[in-house]
Structure formats: structure tokens, C-alpha cells
Amino acid sequence: MSKIIRIGTRDSELALWQAKTVQSQLEHLGHKTQLVPVKSDGDLKLDKPIYELGITGVFTKILDVAMLNHEIDIAVHSLKDVPTLLPKGIVQAAVLKRGNVRDTLVYKNNEEFLSQKHAVIATGSLRRKAQWLNRYPTHTVVGLRGNVNTRLQKLEESDWNGAIFAAAGIGRIGLTPEEAINLEWMIPAPAQGAIMITAREEDEDFRAICSEINHEETEICTTIERQFLNLLEGGCSAPIGALAFIKNEEVTFQGVLLSLDGSKKIEVNRKEKLGSHHNIAQFAANYILDRGGNRLMDDLKNVDKQTQVYSTKTLTEAQRHLFKNIKVDSSDFLKISLNRIPKPVLKSKIDNVIITSQNAVEAITRVFPKEELQFKNIYCVGRRTKKLIESKIGKVKHSENNAKALADYLVDFIDGTDVTYFCSDIRLDELPTILEENNIKVNGVEAYKTILDATKIDVTVEGVMFYSPSTVESYMQKNKADKIAYCIGDTTATEAKKYFKDVRVAKIPTVESVIELVNENYK
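Computed from a predicted model, the values in this text were never measured in an experiment.

So, how was this worked out
Residues numbered from 1 in each chain as written. Predicted model: local features only at pLDDT ≥ 70, side-chain atom pairs only at ≥ 80, totals over all residues. Heavy atoms only, no water. Helix = DSSP H or I, 4+ residues; strand = E, 2+ residues; numbered from the N terminus. Rg over C-alpha atoms; globule rule 2.2 N^0.38 Å. Buried < 20%, exposed > 50% of the residue type's maximum accessible area, 1.4 Å probe, protein only. Contact = heavy atoms within 4.5 Å. Areas by Shrake-Rupley, 256 points an atom, 1.4 Å probe, with all protein chains shown as cover. Lys, Arg positive; Asp, Glu negative; His and termini not counted. Charge placed at Lys NZ, Arg CZ, Asp CG, Glu CD. Pairing = 2+ DSSP bridges. Axes fitted to C-alpha atoms, helices over the stretch in contact; angles between N-to-C directions. Left-handed = near helix turned anticlockwise from the far one by under 90°. Nonpolar A, V, L, I, M, F, W, Y, C, P; charged D, E, K, R; others polar. Phe/Tyr/Trp six-rings, centres within 6.5 Å; stacked < 30°, edge-to-face > 60°. Lys NZ or Arg CZ within 6 Å of the ring centre and 35° of its normal. Patch = residues over 30% accessible without salt bridge, like charges linked within 9 Å, V, L, I, M, F, W, Y side chains within 5 Å. Salt bridge = Lys/Arg side-chain N within 4 Å of Asp/Glu carboxyl O. Polar contact = N/O pair within 3.5 Å; in protein donor to acceptor, adjacent residues only side chain to side chain.

Student: In this structure, what is going on with the overall build of the chain? I would like to understand it.
Tutor: Across its full length, the chain carries 18 helices and 24 strands. Radius of gyration (C-alpha) of the chain: 32 Å, far over the 24 Å computed for a compact globule of 523 residues. In terms of overall dimensions, the chain has C-alpha extents of about 105 × 50 × 50 Å along its principal axes. The proportion of buried residues among the 523 residues of the chain is 50%. Of all intrachain contacts in the chain linking residues separated by at least 6 positions in sequence, the fraction that spans at least 24 positions is 64%. Here the chain has roughly 25400 Å² of accessible surface; of this, 45% comes from carbon and sulfur atoms. Computing the positive centroid from 70 side-chain charges and the negative centroid from 70, the chain places the two 3 Å apart.

What follows is the structure in C-alpha cells.
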């Protein structure tokens, strides 16, 4: 062991303050020390948010390398910046007594903006951003990077209303302005406010020296918080907060996981007697994951993933989570405008009614309640449409998966020689053509208008999901047919085959079945 303990540290003002605190405590115990400042990737690359740098341990990696190369003997870190899994050969040697754990809002002028609808807050932390937007959803949050001095200067020169800092960070270097308040409602980052010392696992002498300044209570609390973070599989790129503290021989824990935009929030609170606290992190993580946390974490992992499949219909959250390791985006390529169907049409008794869309159901029931409708025989296309008809209008006599199959059935089994077809202004002529060729009169009623409203999608997208011939037509207005076409049924596939070389059809005409079709392709 060398006579002088070489203390590795980043060279920012705050990092040096922390390293000097460790140095002071070690020298107080009679050890000789030397500070070895280095710059980290997190310090050098200030043009990007931390979560975009793509490095595990963005502020600690260079110190880890220096330690493994025996250029330093120990390293000092802000514990919240340290990955929950340390590099092989490096261990936690000590944690100093914790400082202020809270986040602090530094504001300009006054705090009146907190009660206003619009305000601009700066932070480089996804956790702070998500919690702020959860509490103030109409505010705007902008990015902010740099050391404490740089960030305070950027705030002063900006037109922002405020910026969020770690209370311990600005407090330790004496930069907490009068215009600052602790955010007691915001759950801090796991291990926020704590200083950590790492050492080589093989260096038992250095580890023994560091253990002399270890603060056991802080170690217990930060260990719980970091275990919780690890069990959620989150890092600095995940909006996860955790705080444990000990009072009256009892450990209290608060944890939170949020969506990036703050619209979804899952919290957990737990108390255990000190000594019986070892399963708090596991309980809290399971609690979060079982209440939707798994879905939120999947969303977070897919944030930077390139979109592979695009849906021409906006997907529900439940539908999006049916995809297996596939990044999907969606939007409505069709806009629907319901028509006001003339009352005389709906007042009269109609023997045979054809409905092929849920939109037609909505148009019909918008004018008349089901009790006033006099539909004798109702024929429809699709299980969802059938379900909606029977909920809002009445019993369906017969349904098929597509329009052609329904037309073929009616040719053989219709009760009468005419039908009333509630349809869109854009429709395939297949059903009315088949019926009229077989001497069945079709009385078309335009129940709604279909407006083509395509989005231009990225050229890297590999596949597109279609739910009607009109979605195909809309897509082709702004995009090329150089992808896989996943179709809800044969009628849609027939239209897609006019443009696409690779057309695949779902087993049953539901969105979920189209999703299953996509999953099969990516197994």
C-alpha cells in the first residue's frame, strides 16, 4: 500500500468539495492523502441531456478506469450518480453522513407562477421533469446541463421562471440563493445527498481505512433506495424516485415511478422496524411493478428504440403493450365526420339493414334511441360492430368477417328483395354490386364521411398496419409501398395488394389479431 492515499475526483467545484470533505475526515484520522482531479464524459459533453449520452455511469466511468489502472486508490462520487451495479473489481468502501436529500426550486422574481397555468421550468433530470409535470401538467419543462454555477448563470440569463437543483449540491458550495424553496413533495433520486467512496476490492487496507468514516444509518437508507432502483431496472434515464429514513428505530420508505410526461404515476410507502427492514426494497419494487410499473418500464426502454411498425389507427395503451419487444407508433389515418341522417329514414320500418362499421352505429343512434328504431333484420360485418349494434340498437340476425362473405350469405338467405345499407361516402362497391347482380335492391344511406388524413412516416419503418381499404388509400397519399402491409382482413388486403409486394392478413378481423400477426414476424 502506498503511504499517500490518492483520492480520485471529478474536477467540478461540487465534486472537489466532496473529495475535500473525504480528505479532511481521513487526514483527521491521521492518514496522508492527495487529490487527483479528472474530467468525466458527463462534464465534457454538456450539449446533451445526461440520459442521451449512452454511457452507464456517465460521471463515474473515467474514475473507475483510473482506479483499475492503479492511478488512484479510492474515488469519491455523488452516490446518486453511481450505477447500482459497480464494475468488477470495484466495491463501495464507505458512505458519508447524508446531507439535504431534497430537490430545490430556484426561482426568478417570485413564486406566483406556481399558481399560473403557464410557466417554464428548467432541469436536466427526467425524474424531476416527470414529477413537475405530474403536479403542473400545463407547465413547460426545458433541458438544463452543466455544473451548478453554469446552471445558475443560465437561469439568470434566461426567461425561465425557475430551475430545479439538488439542495445538497448548491448548499455545499454556498450557492443557495434567497429565491429558493425545498420541494418537500418531490421524491428525490435514490441516494441523493449522499457521498460515496469506492475502492478496489483487492485493497483490503484502503477499504478498512474508509470504513472508519462510514455512516451506518446513511448506508442502510441509501442501500434500500439503490436496491429499489436496481429491481426496477432503472438508471438515470428513468423517472424513479426513492427515499428511506430512520426515525425511532423504524425505517420509512417512499418510492415512485412515473411516465416520461408525468401523466402516469405509481407510488409506494412502507414502514418496517429497523432490523426487519431488509425486504423493503423488494416489497416496494414488486408493488410498483404489479400496479402497472412493468408497462411503464417497457415504455421507457423503448423511448430511444427505432420505430419498426406503424399503425394507421391510434392504438390504446392495452393494445400497445401486446407487442413483444417491438417499437410501434400510431395515428389515425382517417378522420370520421358523422352525418345527421334524415329522421324520415330512421322513423320508417326497415326490414333489412346492413351495417359494416361502428361509425354507422354511432351515426344512427345519435339521431334516435334504440327504442324508436324499427329494424327487423340487422346484418353486419365484424365482431366489434356486432357487439356495438346489440348494445345500442338490437339483435343482429347474422354477421360475417368481411363484406363479400356477408353479400354471399344474403344472396342465399335474405328475407326479402331489398336492403338499407348505412355506409360511408367512401366505400368498396363489392357488397352492393354482388347484391344488385342478384336482384337485391340496395338503398344506400350515407351515415358518415371518411376523410383521408395520412401522416408521412419515417423511411426506416419496416411495416404498416391497415384496418380498412381507406387506410391503405390514405397511406398512399404521402408514403411509399416499400414495407410489409399487415391487414385486418381480406378486403383490406385486396386493396393493399394493388401497391405492396408483401401483404399479410390477420386470422380474425380484430386489431389484436393484427398485432399478433406483427409479433409472429418478429419472433
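Student: Explain the sheet that holds strand β4 (residues 90-95) to me, please; I cannot follow it from the model alone.
Tutor: Pairing between sheet strands relies on hydrogen bonds along the backbone, with the strands arranged either parallel or antiparallel. Here five strands make up an open sheet; going across it, the order is β2-β1-β3-β10-β4 and the pairing mixed. A single partner strand is all that each edge strand has here, and the edge strands are β2 (32-38) and β4. If you compare each strand with its neighbour and ignore which way they point, the axes differ by 30° on average. Two elements, β4 and strand β10 (residues 195-200), share five bridges in a ladder whose sense is antiparallel. From the neighbouring strand, Gln92 faces β10, where its bridge partner is Thr198.

Student: For this particular structure, what's the right way to read the packing of helix α8 (residues 216-231) against helix α9 (residues 280-301)?
Tutor: Packing of α8 against α9 leaves a shortest axis separation of 8 Å and a crossing angle of 35°. Between α8 and α9 lies a crossing whose hand is right-handed. Contacts between α8 and α9 involve Ile224, Gln227, Phe228 and Leu231 from the first element and Ile280, Ala281, Gln282, Ala284, Ala285, Ile288 and Leu289 from the second. When the residues that make up the contact of α8 with α9 are grouped by side-chain class, the tally is nine nonpolar, two polar and no charged.

Student: Mind showing me how you'd approach helix α16 (residues 469-476) here?
Tutor: It helps to recall that an α-helix has 3.6 residues per turn; residues three or four apart then point in one direction. When you tally the buried positions in α16, you get six out of eight residues, the bulk of the element. Among the residues making up α16, those that are buried are Pro469, Ser470, Thr471, Val472, Ser474 and Tyr475. Against the buried residues of α16 lie β16 (334-338), β21 (441-452), β22 (463-466) and α17 (490-496).

Student: Just checking my understanding: could you explain the packing of aromatic side chains for this structure?
Tutor: To describe a pair of aromatic rings, you give the distance between the ring centres and the angle between the ring planes. For the coordinates displayed, the defined rule picks out 13 aromatic pairs. Ring geometry for Phe228 against Phe253: centres 5.1 Å apart, planes inclined by 65°, an arrangement best described as edge-to-face. Taken together, the residues Phe228 in helix α8 and Phe253 in strand β12 (residues 250-258) connect sequence positions 25 residues apart. The pair formed by Phe228 and Phe253 is uniform in burial state, with each residue classed as buried. Here Phe283 and Tyr287 contribute two aromatic rings whose centre-to-centre distance is 6.2 Å and whose plane-to-plane angle is 35°, an arrangement assigned as tilted. Remark: Tyr287 and Phe283 occur in helix α9; sequence separation between them is four residues, near one turn of the helix. In this structure an aromatic cluster arises from ring pairing among Tyr310, Phe333, Phe466, Tyr475 and Phe500. Of note, Arg270 hangs over the ring of Phe283, and the distance from its end group to the ring centre comes to 3.7 Å. Above the face of the Tyr287 ring, Arg291 is positioned so that its terminal group lies 3.7 Å from the ring centre.

Student: Sorry if this is basic, but what is going on with a negative patch on the surface here?
Tutor: A surface patch of negative charge is lined by Glu156, Glu157, Glu178 and Glu179. Within the secondary structure, Glu178 is located in the loop between α6 (167-172) and β9 (180-182).

Student: For this particular structure, what's the right way to read the sheet that holds strand β15 (residues 328-330)?
Tutor: The strand order β15-β14-β22-β23-β24 describes an open sheet built from five strands, whose pairing is parallel. Looking at strand neighbours, the two that pair on one side only are β15 and β24 (503-505), the edges of this open sheet. Going from strand to strand, the sheet's axes swing by 25° on average, the running direction of each strand aside. Pairing between β22 and strand β23 (residues 484-487): four bridges, direction parallel. The residue bridging Met465 from the neighbouring strand is Tyr486, located in β23.

Student: Explanation requested: the side chain of Thr222 in the structure shown.
Tutor: Of note, Thr222 is situated in helix α8. Within the structure, the side chain of Thr222 is placed 3.4 Å from the backbone oxygen of Glu219, a separation counted as a polar contact. Contacts of Thr222, omitting those with residues within four sequence positions, involve Leu79, Val95, Arg98, Ala191 and Ala194.

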